[in-house]
Amino acid sequence: LCFWPSTMLSNPIPYFESIIDPRRNTKNKLHPLQSIIFITLCSTLCGYDDWVSIEDFAQEQQEWFKQHIDLPHGIPSHDTLSDVIGRLNKVAFSQALSQWMTNSLPELKDKHIAIDGKTTGGKICDEKSITLVTAFATQARLVLASTEVDKKTNEIKAIPALLDLIDMKGSIVSMDAIYCQKDICRQLIDKKADYVLSLKKNHATLYDDVSLYLDTQIKKQAVEIKEEIEKGHGRIEIRRYALSPHIDWLESKEDWIGLKAIGMVESIREINGKQEKQLRYYLTSLTDLTKFSETARGHWCIENQQHWVLDVIFGEDNSRSYTNNQRSNLAAFRRISLNLLQSVDDKLSIKRRRMRAAMNADYREKIIFQKQIS
């Protein structure tokens with residue numbers, strides 16, 4: 001798969017201008033909406049993840065904020081910040097994120113998009129926790145779009161809305177087994193994208209047919225195998241990939257639009273003499289073994305480079321924003337901040353970039369406005 005060159009994103013701030021202010025025009029409406037959004041975004045980027053610390057940061061950086069936004073009554077209180085962000089339309093926020101990325105990135109031809117769901121506030125799951133399904137450009141390490149799952153349905157129902165947010169012509173999309181659905185295949189092909197879908201026993205008959213066929217072909221050495229071996233830190237990891245385009249025998253082939261091959265990944269991990277083995281099977285529109293292997297392996301980038309970073313660096317797993325749309329909108333702020341931080345071409349980690357942005361106004365300004373950083 002092609003790797004993305006370093007990308008300077010467009011300034012995200014103008015994309016919030018179309019978001020409608022939920023407040024009535026009364027004498028108590030003291031702070032412009034765009035100022036509240038700007039303060040929340042900057043604070044989130046700089047490592048301030050709750051409303052009190054966001055207010056405190058803004059107070060300490062008030063002179064810097066005055067250079068960029070209108071503050072007719074000073075810095076809003078944490079209650080005002082919390083209330084306004086919690087009442088903003090969460091769908092509009094998702095659309096602002098996806099439109100910003102659509103305008104920022106080059107075409108997605110031959111690029112890999114991993115799609116997966118994530119629960120915010122995972123350590124404190126309750127009836128107010130939310131699940132977001134996200135499209136992640138693995139080579140660029142950027143969130144392309146995100147949409148919240150309706151609690152009355154499931155993640156599968158959120159996929160069509162998410163895919164509609166992205167122009168994915170020519171891309172290769174990977175998804176976990178929960179999304180291995182005929183309607184999703186049809187939508188991906190309609191959008192002129194290829195797919196690699198994990199297959200598990202939620203499609204029991206199909207899974208048994210595919211696994212039996214591939215296991216038999218591999219034992220007979222009738223299918224090409226690609227092998228990768230990694231060693232380090234007392235660990236040996238072996239991955240074997242197989243792909244077969246010979247699927248005329250598959251009775252349900254015509255039900256899966258665009259299906260051209262079935263694949264298998266065997267992972268063997270040995271740590272301190274103890275060995276673990278895992279077999280995974282796939283449905284795919286790809287017929288090239290190298291593209292299949294790179295996509296199947298690359299899918300885990302969404303776990304390592306988005307989910308892990310959001311939970312460990314941004315504290316999303318501990319999020320306690322419960323009111324109205326706060327969780328959904330703050331999740332969008334975190335993903336926008338992550339994209340801005342990922343686009344920086346320096347040697348610092350995401351954690352250190354957040355810290356530096358909090359302490360260094362020039363560095364912060366260049367990240368937010370996406371100016372060249374010397």
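Our structure's up above, just so we're on the same page.
Residues numbered from 1 in each chain as written. Predicted model: local features only at pLDDT ≥ 70, side-chain atom pairs only at ≥ 80, totals over all residues. Heavy atoms only, no water.

If you tally the helices and strands in the protein, you get 13 helices and nine strands. For the protein, the C-alpha radius of gyration of 23 Å lies close to 21 Å, the compact-globule estimate for 374 residues. Expressed as lengths along the three principal axes of its C-alpha atoms, the size of the protein is roughly 75 × 45 × 40 Å. Considering only intrachain contacts with a sequence separation of at least 6, the fraction spanning at least 24 residues in the protein is 64%. Of the roughly 18000 Å² that the protein leaves accessible, carbon and sulfur atoms contribute 47%. Counting 51 positive and 50 negative side-chain charges, the protein places the averaged centre of each group 2 Å from the other. (Helix = DSSP H or I, 4+ residues; strand = E, 2+ residues; numbered from the N terminus. Rg over C-alpha atoms; globule rule 2.2 N^0.38 Å. Contact = heavy atoms within 4.5 Å. Areas by Shrake-Rupley, 256 points an atom, 1.4 Å probe, with all protein chains shown as cover. Lys, Arg positive; Asp, Glu negative; His and termini not counted. Charge placed at Lys NZ, Arg CZ, Asp CG, Glu CD.)

Here we take up helix H13 (residues 361–368). Looking at H13, one finds that the buried residues are Tyr 363, Arg 364, Glu 365, Ile 367 and Ile 368. The first or second residue beyond H13 is Gln 370, which carries a positive phi of 55 degrees. (Buried < 20%, exposed > 50% of the residue type's maximum accessible area, 1.4 Å probe, protein only.)

Okay, the packing of aromatic side chains next. Within this structure, the stated rule accounts for 12 aromatic pairs. The interplanar angle of 50 degrees and the centroid separation of 5.5 Å between the aromatic rings of Phe 16 and Phe 93 together place this pair among those described as tilted. Of this pair, Phe 16 sits in the segment before helix H1 (33–45) while Phe 93 sits in helix H5 (residues 90–104); the two residues are 77 residues apart in sequence, bridging distant segments of the chain. You'll find Phe 16 and Phe 93 in the same group, each marked buried. (Phe/Tyr/Trp six-rings, centres within 6.5 Å; stacked < 30°, edge-to-face > 60°.)

This brings us to the sheet that holds strand E8 (residues 261–271). Strand order in the open sheet formed by nine strands is E3-E2-E1-E4-E5-E9-E8-E7-E6, with mixed pairing between adjacent strands. Strands at the two margins of the open sheet, each flanked by one partner only, are strand E3 (142–148) and strand E6 (225–232). Taking each pair of neighbouring strands and ignoring which way they run, the sheet shows an average axis angle of 25 degrees. Sheet topology places strand E7 (residues 235–244) next to E8; 10 bridges connect them, and they run antiparallel. Note on E8: the bridge partner recorded for Arg 239 is Ser 267. Packed onto the sheet, helix H10 (residues 301–312) meets strand E1 (112–120), strand E2 (130–137) and E3 and runs at close to 35 degrees relative to E1. (Pairing = 2+ DSSP bridges. Axes fitted to C-alpha atoms, helices over the stretch in contact; angles between N-to-C directions.)

Here the focus is the nonpolar core. Residues Phe 38, Ile 39, Phe 65, Ile 115, Met 175 and Leu 283 are the most contacted members of the largest nonpolar core, which totals 101 residues. Contacts of Phe 65, omitting those with residues within four sequence positions, involve Phe 38, Ile 39, Cys 42, Phe 57, Ala 58 and Leu 71. In terms of nonpolar packing, the next biggest core, distinct from the first, is built from 11 residues, Val 196, Tyr 241, Tyr 282 and Leu 289 among them. (Core = buried A, V, L, I, M, F, W, Y, C linked by side-chain atoms within 4.5 Å.)

This part is about the pattern of salt bridges. Here the structure, examined in full by the defined rule, presents 23 salt bridges. Of the charged contacts, one joins Asp 255 and Lys 182 as a salt bridge, the two residues approaching to 4.0 Å between their closest N and O atoms. With Asp 255 in the loop between E7 and E8 and Lys 182 in helix H7 (residues 182–190), the pair connects residues that are 73 residues apart, well separated along the chain. The partly exposed category is assigned to Asp 255, whose relative accessible area is 38%. Close ionic contact of Arg 239 with Glu 228 constitutes a salt bridge, the shortest N to O distance being 3.3 Å. On the criterion of sequence distance, the pair formed by Arg 239 in strand E7 and Glu 228 in strand E6 is long-range, its members being 11 residues apart. Accessibility classification places Arg 239 together with Glu 228 in one group, the buried group. Put simply, Glu 228, Glu 230, Glu 237, Arg 239, Arg 269 and Arg 297 are held in one network by salt bridges that share partners. (Salt bridge = Lys/Arg side-chain N within 4 Å of Asp/Glu carboxyl O.)

A separate point is the packing of H1 against helix H2 (residues 51–60). In contact at an axis separation of 10 Å, H1 and H2 are set at 100 degrees when each is read in the N-to-C sense. The angle between the axes of H1 and H2 places the two elements in the roughly perpendicular class. The segment H1 lies against H2, with Ile 39, Thr 40, Cys 42 and Ser 43 engaging Trp 51, Ile 54, Phe 57 and Ala 58. Residue classes in the contact of H1 with H2 are distributed as six nonpolar, two polar and no charged. (Parallel < 35°, antiparallel > 145°, perpendicular 65-115°, else oblique. Nonpolar A, V, L, I, M, F, W, Y, C, P; charged D, E, K, R; others polar.)

Attention shifts here to the environment of Phe 314. Position of Phe 314 among the secondary structure elements: in the loop between H10 and helix H11 (326–342). Residue classification places Phe 314 among the buried positions, given a relative accessible area of 1%. Residues Phe 314 and Arg 297, spaced 17 residues apart in sequence, show a C-alpha to C-alpha distance of 25 Å. Among residues more than four places away in sequence, those in contact with Phe 314 are Thr 44, Asp 49, Val 309, Arg 334, Ser 337, Leu 338, Leu 341, Ile 350 and Arg 354.

Below, the discussion takes up helix H8 (residues 204–219). If you check H8, its first and last C-alpha atoms are 22 Å apart, about what 16 residues at 1.5 Å a residue would give, namely 22 Å. Looking at the packing, one finds that the buried side of H8 touches strand E5 (194–199), E7, E8 and strand E9 (274–284). Directly after H8, the chain includes Gln 221, whose backbone phi takes a positive value near 55 degrees. (Expected span 1.5 Å × (residues − 1).)

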